[in-house]
Amino acid sequence: MFLEGYTIVFDLDGTLVETAPDLHRATNEIMRTEGLKEVSLKNVRAFVGQGARALIERGAAISGKVFKSDKLDELTSKFVEIYQADIAGRSHLFDNVETTLDALEAAGAQFCVCTNKKTHLAVRLLETLNIAHRFKSIVGADSAIHAKPHQQHYLQAVEEAGGDPKRSIMIGDSHSDVGAARNAGAPIVLVSFGYTDIAPIDLNPDAIIDDFNELPSSLLSLLKQVN
Ligand SMILES: O=C(O)COP(=O)(O)O
Ligand SMILES: [Mg+2]
């Protein structure tokens, strides 16, 4: 039971769930209605991680377009409507997520989600994928006072799960996740298959995994180093 009393904090997009195809579809519906260039899937994968507003802003920047704040608010609401209408159309859990949660739970861990998605979208996505019940808390950016990379978002997710921040570990894919964990004084493991415009190795995480089935042994060696 090497994870007894530990809370594992998961990022959502690009870490637990491959959401890029559905985010790509919604992004390009917005780009088309605004007469802007379509954004490639590769770019969407690089732009996810700081919420829908940032995704639209970065997508529009490819066409040299800068929206005013009010317009960005309006487009973000439209994006959310389009996205949530078919939230898991093409999205799916990454390989071995469920069996890994089983293994970590058997080792004593509990789980929560800390995402820069809006909370209601995160809950809806995880419910649609029949996995929401495995997380003690699901905290989106709009439920936090300060979103990732601020530690407040991370600490809120741990607290709402009834966990102890000193016995918590973040699993993520981007600089927001590394920032939130580091600011909270928690270890951070990055997945190599997620959404980031900076290579995982350059984000200096404590460990990198290429597949979820590597996570239990990665956490075991990480905790040996820390303790
Ligand atoms: O950018 C988003 O919408 C959310 O991204 P995250 O789940 O990786 O925090
Ligand atoms: Mg992510």
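Cut-offs applied
As a convention, each chain's residues are numbered from 1 in the sequence order in which they are written. For naming, the first written chain is A and the first written ligand is 1, with later ones following in the order written. Owing to the predicted nature of the model, reporting of local features is limited to residues with pLDDT of at least 70; listing and counting of side-chain atom pairs is limited to 80 or more, with chain, interface and lining totals taken over all residues. For our purposes the nonpolar core covers buried Ala, Val, Leu, Ile, Met, Phe, Trp, Tyr and Cys residues that link as a set through C-beta atoms within 7 Å. Burial is judged by counting the other C-beta atoms within 10 Å of a residue's own C-beta: 20 or more makes it buried, 12 or fewer makes it exposed, and any count in between marks it as partly exposed, with every C-beta position built from the backbone. As annotated, the domain borders come from an automatic or database domain assignment. With C-beta atoms placed from the backbone, a contact is any residue pair whose C-beta atoms sit within 7 Å. Any two strands between which DSSP finds at least two bridges are classified as paired. The helix and strand labels rest on DSSP assignments: H or I over at least four residues marks a helix, E over at least two residues marks a strand, and numbering proceeds from the N terminus. To define axes, lines are fitted to C-alpha atoms, for helices over the stretch in contact only, and angles between the resulting N-to-C directions are given on a 0 to 180 degree scale. Nonpolar residues are Ala, Val, Leu, Ile, Met, Phe, Trp, Tyr, Cys and Pro. Charged residues are Asp, Glu, Lys and Arg, and all others, Gly as well, are polar.

A. Structural view of the nonpolar core. Core analysis: the biggest nonpolar cluster contains 64 residues, and Val9, Val113 and Tyr154 have the highest contact counts within it. When residues are assigned to domains, this core turns out to be shared by domain 1 (7-18 + 92-226) and domain 2 (20-85), each giving three or more. Aside from chain neighbours lying at most four places away, what touches Tyr154 is Val9, Cys114, Lys148, Met170, Ala180, Ala181 and Ala184.

B. Structural view of the sheet that holds strand β6 (residues 168-172). In space, the six strands of this open sheet follow the order β5-β4-β1-β6-β7-β8, with parallel pairing throughout. The open sheet has two free edges, formed respectively by β5 (137-139) and β8 (207-209), since each of these has just one partner strand. Between one strand axis and the next, the sheet turns by 25° as a mean value, whatever way the strands run. Along the sheet, helix α7 (residues 151-160) contacts β1 (7-10), β4 (110-114), β5 and β6; its crossing angle with β4, the most-contacted strand, is approximately 145°.

C. Structural detail: the domain arrangement of the protein chain. Taken domain by domain, the protein chain comprises domain 1 (7-18 + 92-226) and domain 2 (20-85). Each partner contributes residues to the interface: domain 1 has 13 residues there, and domain 2 has 10 residues. In terms of residue class, the side of domain 1 that touches domain 2 is made up of three nonpolar, five polar and five charged.

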